Amino acid sequence: MTTRPNFLRLSALDISTMGASQPAPDSKVVTRFAPSPTGFLHIGGARTALFNYLFARHHGGAFRLRIEDTDRARSTDAAIAAILDGMTWLGLDWDGDVVYQFARAARHAEVAHDLLARGHAYRCYATAEELTALREAQRAAKQPMRYDGRWRDRTDWPEDQPHVIRLKAPREGSVTITDLVQGPVTVANAELDDMVLLRSDGTPTYMLAVVVDDHDMGVSHVIRGDDHLNNAFRQLAMIRLLGWPEPHYAHIPLIHGTDGAKLSKRHGALGVDAYRDELGLLPEAVENYLLRLGWGHGDAEIISRAEATEWFGLEAVGRGPSRFDLKKLENINGHYMRAADDARLVALIAPRVVTALGRELTAADNDLLQRSMPELKKRSPNLNDLALGALFYLRSRPIPMDDGAAKLLASATPGVLAGAYARLAGVTDWSTATLEEQVRALADEFGLKLGQAAQPLRAAVTGSSQSPGLFDVMETLGRDETLGRIDDVITGRAG
RNA sequence: GGUCCCUUCGUCUAGCGGUCUAGGACGUCGCCCUUUCACGGCGAAAACACGGGUUCGAUUCCCGUAGGGAUCACCA
């Protein structure tokens, strides 16, 4: 187990004791989220973005967004749109314009040629077949597979032959990165080979592009997935050859699936749009869950954006990978559902309700929905369930009865519904208190327990055996609709 | 295979040498509330991977072992 650098704790202490009047030391913090647009914004990327966002905001710095589209074959506009959409949905607003990496290819090439001119890079004329053969041989000999530097010191360059530009990385010594999450990590230079900077077609590789862009964008803290840790050493070698300031690094552990295997596109990793559209989750819930995955602040579980911004720090980021737990996400979502504004929820479920109903919503429908929200949202873990649960309010008479309702009606004490109708029809003050009073009196009259009278009524009024409190439902539905639905069952029009 | 990283309840985590008979949350189970379903309340079972050190004292520090992960492209 590695130890974290002491300055980490010291700086954390400084920050907490400095107070608001001391922004200067943090003002240069610049982080960035740099996804490649080869697919949707998945859950792991979203968390990386969140951590970068929170770190920047905590320090009053800037959070930038850069699209790494140098792989022309795999990058798509649809993916770019999905990433931007996901970021917006999560409320991860970035500073400045989005940087498109491919547009900066000329600058990347310029840096590569500068390195070449200064003797820190060289031309390599090895062909793809040659390199493949080299790797085959190395694997057969059980040698580590890496470029052997065959063109490193040659100058007998063939005329008009395609070649790449490789970095002339140091071969002696070692590089140590004081990672803000992982602690000090050292790798011998002998383990690193000379990476390609410019491809034979003159386009920059990712390795070159990140280094140049991070530098040009003034990125002070590179916070990214653990899978980039190995890259950091080669990038640092380039930065040192370039003589540029070194950024701080923080490599956060990856998110695994429920089974402990790496989360990949075909293995549990959904785009954030799926969490919104298919699972019906609220962005603040996804954010809260993601925040707690790999980071903690004492016993805090429900954490607001403001609290997260105040508390977030790299020193509290865990170092082991964590598993994705949908159950917990749903639980947290339930919490935010209950806390959500009624009108907002109505707007969010409207499209789902329209689809299920097969018709547009009227002003009366929206009013009904609005009034049913306080009770409905208490029992819905997500938007899908909320929409489903709201349907019965809007159905036209006679409403359909589900199996549970049919069963309740079939076993109901004969006459209770008619008795209920008679009593309720006489109610002038249509309120939950009066309604309950009447139904209790009804139960007494028939010598039944309250439930034996209430359940058949619930079935008649909601078409289901499960619903919000019966008297709340009746009040929200109103006198005419309630009485009508009960009458439908009594007369056999429904059920 | 080489290199690098990781390891506290099933899961996410708190813990930064004694406060640990290891805390919280999700999930699970039980009870209460109750007109159903939820919500809510109370309670229970449930973990320091293993082996050596260091120390008066290790969950906490060091070294091994085991297990897991990442990475080894003219992809990012």
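Summarised in this report is the structure supplied together with it. (Residues numbered from 1 in each chain as written. Chains lettered and ligands numbered in written order. Predicted model: local features only at pLDDT ≥ 70, side-chain atom pairs only at ≥ 80, totals over all residues. Heavy atoms only, no water.)

1. Some points on the protein's contact with RNA strand B
Okay, step 1: Around RNA strand B sit 64 residues in total, of which Arg 199, Gly 294, Arg 379, Arg 458 and Ser 467 are the nearest.
Okay, step 2: For RNA strand B, the backbone portion of the atoms within 4 Å of the protein, that is sugar and phosphate, comes to 70%.
Okay, step 3: Within the backbone of Tyr 206, a nitrogen or oxygen atom sits 3.0 Å from a phosphate oxygen of RNA strand B.
Okay, step 4: Going through the elements one at a time, strand 5 (164-167), strand 7 (183-188), helix 6 (206-216), helix 7 (229-242), strand 12 (322-323), helix 11 (326-339), helix 18 (450-462) and helix 19 (470-477) are the ones with two or more residues in the surface near RNA strand B.
Okay, step 5: The greatest single-element share of the surface near RNA strand B, amounting to five residues, is contributed by helix 18. (Near = heavy atom within 4 Å. Polar contact = N/O pair within 3.5 Å; in protein donor to acceptor, adjacent residues only side chain to side chain. Helix = DSSP H or I, 4+ residues; strand = E, 2+ residues; numbered from the N terminus.)

2. A word on the sheet that holds strand 5
Okay, step 1: Ordered by their spatial adjacency, three strands build an open sheet running 4-5-8, and the pairing between neighbours is antiparallel. Where the open sheet ends on each side, the last strands, each with one partner, are strand 4 (121-124) and strand 8 (196-198). Direction aside, neighbouring strands of the sheet carry axes that sit 45° apart on average.
Okay, step 2: Taken together, the four bridges between strand 4 and strand 5 define a ladder with antiparallel strand orientation. The residue of strand 5 that forms the bridge with Cys 124 is Val 164. (Pairing = 2+ DSSP bridges. Axes fitted to C-alpha atoms, helices over the stretch in contact; angles between N-to-C directions.)

3. Structural notes on the packing of aromatic side chains
Okay, step 1: Enumeration over the complete set of coordinates arrives at seven aromatic pairs.
Okay, step 2: Geometrically, the ring pair formed by Tyr 289 and Phe 324 is edge-to-face, given 5.5 Å between the ring centres and 85° between the ring planes. Separated by 35 residues along the polypeptide, Tyr 289 in helix 9 (residues 283-292) and Phe 324 in the loop between strand 12 and helix 11 bring together distant segments of the chain.
Okay, step 3: Given a relative accessible area of 3%, Tyr 289 falls into the buried group.
Okay, step 4: Judged by centre distance (4.2 Å) and plane angle (25°), the ring pair of Phe 392 and Tyr 393 falls under stacked. Here Phe 392 and Tyr 393 have matching classes, each one buried.
Okay, step 5: Through successive ring pairs, a cluster of aromatic residues spans Phe 51, Trp 295 and Phe 312. (Phe/Tyr/Trp six-rings, centres within 6.5 Å; stacked < 30°, edge-to-face > 60°. Buried < 20%, exposed > 50% of the residue type's maximum accessible area, 1.4 Å probe, protein only.)

4. Some details on the pattern of salt bridges
Okay, step 1: For the structure shown, the criterion picks out 39 salt bridges.
Okay, step 2: Between Arg 150 and Glu 130 there is a salt bridge whose closest N-O contact spans 2.7 Å. Highlighted residues: Arg 150 in the loop between helix 5 (128-140) and strand 5 and Glu 130 in helix 5, separated in sequence by 20 residues.
Okay, step 3: The class of Arg 150 is partly exposed, set by a relative accessible area of 29%.
Okay, step 4: The partly exposed category is assigned to Glu 130, whose relative accessible area is 29%. (Salt bridge = Lys/Arg side-chain N within 4 Å of Asp/Glu carboxyl O.)

5. What to know about the side chain of Thr 482
Okay, step 1: The topology assignment puts Thr 482 in helix 20 (residues 479-490).
Okay, step 2: Once you skip the residues sitting within four places of it in the chain, Thr 482 turns out to touch Trp 430, Val 461, Met 474 and Leu 477. (Contact = heavy atoms within 4.5 Å.)

6. Looking at the sheet that holds strand 2 (residues 62-67)
Okay, step 1: Here three strands make up an open sheet; going across it, the order is 1-2-3 and the pairing parallel. Across the chains shown, the open sheet's two edge strands, defined by having one partner strand only, are strand 1 (30-33) and strand 3 (99-100).
Okay, step 2: As defined by bridge partners, strand 2 adjoins strand 3 across two bridges and the pair is classed as parallel. Within strand 3, the residue paired with Arg 66 across the bridge is Val 99.
Okay, step 3: Packed onto the sheet, helix 3 (residues 77-89) meets strand 1, strand 2 and strand 3 and runs at close to 160° relative to strand 2.

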